[in-house]
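Coordinate analysis (summary)
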Amino acid sequence: AGGAMAAPRSFSAAEVRARCAQGACLVRCRRRLYDLSGFVRLHPGGEQLLRRRAGTDVSAALDGPPHRHSANARRWLEQYYVGEMESGEEQVPPAAPGCPRPADEKGGDAAAQTPTRMDPRCKTVDVETDLVDWQKPLLWQVGYLGEKYDEWVHQPVDRPIRLFHSDILESLSKTAWYVVFIVWAPVVLYLSWVSYTSLAQGNTRLFSSFTTEYSIPVHKYYFPFIFLLGMFLWSLLEYLIHRFVFHMKPPASNYYLITLHFLLHGQHHKSPFDSSRLVFPPVPASLVIGFFYGVLQLLLPEVLGLSVFVGGLCGYVVYDMMHYYLHYGSPKKGTYLYGLKAYHVKHHFEHQKSGFGISTRFWDHPFRTLIPEETFEKNL
């Protein structure tokens, strides 16, 4: 895909057919032609559709039954614009089902008509005329955007982000998904063994710091339940952090809070498919994990706090693996993970102020931030 920066060119029907036969995913909207070969697999159901229609036209891959797309998803499409169909050959490939008809032009471009439920901050962005210099690290630029930052950061692009001038800092700010599992899974296993064997000694009692007579012994058989409690508490913490920290709206006048927001989560919404920034790098993660370990040690007896902590750590690993999969995996349609992927895509492209659950949608229910099911099923 050439993206919005590519110089327009003309394509003949024969050339389009040849590309499709080689496995390309070409989408036509009237005469405008888009190459989504590198993106369609990231779309819910895209991988299965390509396998079913290998070597054929897959123009309906991103806009066919049973759903339609949000206006912001159509703006995202513009990044993959590669040129125009030659005059008289507009029917190859067939137009995407959601492509506006010529009559739609009377009221302006249909893609520019944002549904009222859609976050109005979401618009397309031309990196050539953007508010920042993409040839330089972004972290120290975004703070100067001021009141324009909140709108800018919710205009997603499909390109990698560089944060720091320093190569060392830059390498510490991103990581491959499997590094998280390699680093933290052994820690979870080791601490689980330590917790269980410590509880087996029979010296752990709850409320012993308040009363000796009525303190409650914590047996080793309780460990699985304490572990699950830790995972449950992590899921709540995950929701609260995502909603109230990652999605805070920094004051337009505060350079440092804008910079902090972009470092923590804004970068992910600006470039949601930057594969190196979808999981938490181990070095900064260890600082946060160490903080929560210290809090639990202050609140609970040492072994009990460790047992809750290791359950929460396991929950974090599952969360990070799930988050990566929701962006780059291809779950089978109709499965729980397919619905969760569609749900998360809606959070990125249409519902920035809701849909904060990642590994589970459970907490979106009691906190009333659930994306309506009919919305993400019919208007994906």
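All values derive from a computational prediction rather than experimental measurement.

Of the two faces of strand β2 (residues 26-29), the one carrying L26 and R28 and the one carrying V27 and C29 are both buried. One ladder, built from four bridges, connects β2 with strand β3 (residues 32-35); its direction is antiparallel. Among the inter-strand pairings, C29 is bridged to a residue of β3, identified as R32.

Time to look at the layout of surface pockets. Over the atoms a probe the size of a water molecule is rolled, and this reveals where empty space is left. Size it by volume and the largest pocket reaches roughly 1200 Å³. Elements represented by at least two residues in the lining of the largest pocket include exactly α6 (167-172), α8 (223-246), α9 (255-270), α10 (282-299) and α11 (302-328). Its residues placed into classes, the lining of the largest pocket shows 29 nonpolar, nine polar and four charged.

Attention now goes to α9. Spanning 16 residues, α9 covers only 18 Å between terminal C-alpha atoms, well under the ideal 22 Å at 1.5 Å per step. Among all positions of α9, only I258, T259, H261, F262, H265, G266, Q267, H268, H269 and K270 are buried. Looking at the packing, one finds that the buried side of α9 touches α4 (139-142), α5 (149-153), α8, α11 and α12 (336-349). For α9, the capping residue at the N-terminal end is N254, with a side-chain oxygen 3.1 Å from the backbone nitrogen of Y256.

Rules used throughout
Residues numbered from 1 in each chain as written. Predicted model: local features only at pLDDT ≥ 70, side-chain atom pairs only at ≥ 80, totals over all residues. Heavy atoms only, no water. Buried < 20%, exposed > 50% of the residue type's maximum accessible area, 1.4 Å probe, protein only. Helix = DSSP H or I, 4+ residues; strand = E, 2+ residues; numbered from the N terminus. Pairing = 2+ DSSP bridges. 1 Å grid on protein atoms, 1.4 Å probe; cavity = no way out; pocket = protein on both sides within 12 Å on 5 of 7 lines; lining within 4 Å. Points joined across faces, edges and corners; volume = space filled by probe spheres on them. Nonpolar A, V, L, I, M, F, W, Y, C, P; charged D, E, K, R; others polar. Expected span 1.5 Å × (residues − 1). Contact = heavy atoms within 4.5 Å. Polar contact = N/O pair within 3.5 Å; in protein donor to acceptor, adjacent residues only side chain to side chain.

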